[in-house]
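Survey of secondary and tertiary structure
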Amino acid sequence: MSNKGPPVFQLFTEIAIINQLAQAGFAAVLPKGMTIAQFTVLNHFIRLGHDQQSPAQLASAFQITRPTMTSTLARMEKAGLVAIRPDPEDGRAKLVSVTAAGVKMRELCLQRLAGPLADADAVLSRETLAQLLPLLQDVRAKLDRLRD
């Protein structure tokens, strides 16, 4: 074994560094008050076409604790980006949906992310992206199955 660790550790190290670079670039251009966590919630809903989800479902999807998700959702509700209402089938549970303002905010975020995405696109060839994307999707799907 090298001093860099086993290959799977090296893979996760590279993914973590790429994630840190992407998050720093994204955070720098998001509208004032918008966090990456909030953007990812909006993007999750719209990208997957969800009308509503419970905070527990969202916490599970993002692999974070329910209190962490509840805190993020509370800030988003205060900003008018999501609506939180009681679940009519379970009075103790809540349901979250994206508001029209949330949809507009996601669009604004995507516009602002165009710069960092264009920068990355300029240094990654179409061939590299075509090779990486299916491999990374396969890794994600396999790791996602491990958590179930």
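Coordinates for the structure precede this section.
So, a few notes on the structure that sits alongside this text.

Rules used in this analysis
Residues numbered from 1 in each chain as written. Predicted model: local features only at pLDDT ≥ 70, side-chain atom pairs only at ≥ 80, totals over all residues. Heavy atoms only, no water. Helix = DSSP H or I, 4+ residues; strand = E, 2+ residues; numbered from the N terminus. Buried < 20%, exposed > 50% of the residue type's maximum accessible area, 1.4 Å probe, protein only. Contact = heavy atoms within 4.5 Å. Areas by Shrake-Rupley, 256 points an atom, 1.4 Å probe, with all protein chains shown as cover. Lys, Arg positive; Asp, Glu negative; His and termini not counted. Charge placed at Lys NZ, Arg CZ, Asp CG, Glu CD. Core = buried A, V, L, I, M, F, W, Y, C linked by side-chain atoms within 4.5 Å. Expected span 1.5 Å × (residues − 1). Salt bridge = Lys/Arg side-chain N within 4 Å of Asp/Glu carboxyl O. Axes fitted to C-alpha atoms, helices over the stretch in contact; angles between N-to-C directions. Parallel < 35°, antiparallel > 145°, perpendicular 65-115°, else oblique. Nonpolar A, V, L, I, M, F, W, Y, C, P; charged D, E, K, R; others polar. Pairing = 2+ DSSP bridges.

To continue, consider the overall build of the protein. Looking only at helices and strands, the protein has six helices and two strands in total. Seen through its principal axes, the protein has C-alpha atoms that stretch 55 × 35 × 25 Å. Within the span of the protein, comprising 148 residues, buried residues form 21% of the whole. The long-range fraction of contacts in the protein, counting pairs at least 24 apart against all pairs at least 6 apart in sequence, stands at 50%. Carbon and sulfur atoms make up 60% of the accessible area of the protein, which totals about 10,300 Å². One finds the centroid of the 17 positive side-chain charges in the protein at a distance of 5 Å from the centroid of its 13 negative side-chain charges.

What follows deals with the environment of S97. Here S97 lies in strand β2 (residues 90-98). Those residues in contact with S97, other than ones at most four positions away along the chain, are F45, D51, Q52, L81, V82 and A83.

Another aspect to go through is the nonpolar core. Counting residues in each nonpolar core, the largest one holds 18 residues, and the members touching the most others are M34, L42, L73 and M76. Mapped by element, the contributors of at least two residues to this core are α2 (36-48), α3 (55-62), α4 (66-78), β2 and α5 (100-123). The leading source of residues in this core is α2, at four residues. Beyond its immediate chain neighbours, meaning those up to four positions away, L73 contacts V41, P55, L58, V82, I84 and V96.

The next point concerns unusual backbone geometry. In terms of backbone geometry, most residues other than glycine have negative phi values and most peptide bonds are trans. Phi angles above zero are rare outside glycine, and Q63 is one such case at about 55°. With respect to the secondary-structure elements, Q63 resides in the loop between α3 and α4. Accessibility expressed as a relative area gives 52% for Q63, which makes it exposed.

In a regular helix each residue adds 1.5 Å, so 13 residues correspond to 18 Å; α2 covers 18 Å between its end C-alpha atoms and thus fits that length. Of the positions making up α2, those classed as buried are Q38, F39, V41, L42, N43, H44 and F45. Contacts made by the buried residues of α2 are with α3, α4, β1 (82-87), β2 and α5. One or two steps after α2, the chain reaches G49, where phi turns positive at roughly 75°.

Right, let's talk about the pattern of salt bridges for a bit. According to the stated counting rule, one finds four salt bridges in the structure shown. Across the pair D90 and R92 runs a salt bridge, and its minimum N-O distance is 3.5 Å.

Right, let's get into the packing of α2 against α5. Look at α2 against α5: their axes get within 10 Å of each other, and the N-to-C directions meet at 110°. With respect to each other, α2 and α5 are oriented roughly perpendicular. On the side of α2, the interface is formed by F39, L42, N43 and I46, while α5 contributes G102, V103, M105, R106, C109, L110 and L113. Here the residues of the contact of α2 with α5 are counted per class, giving eight nonpolar, two polar and one charged.

What follows covers the pairing of β2. Bridge analysis of β1 against β2 gives six bridges, and the strand direction is antiparallel. When the sheet's bridge partners are listed, R85 is paired in β2 with L95. Here β1 folds back onto β2, and the loop between the two strands holds two residues.

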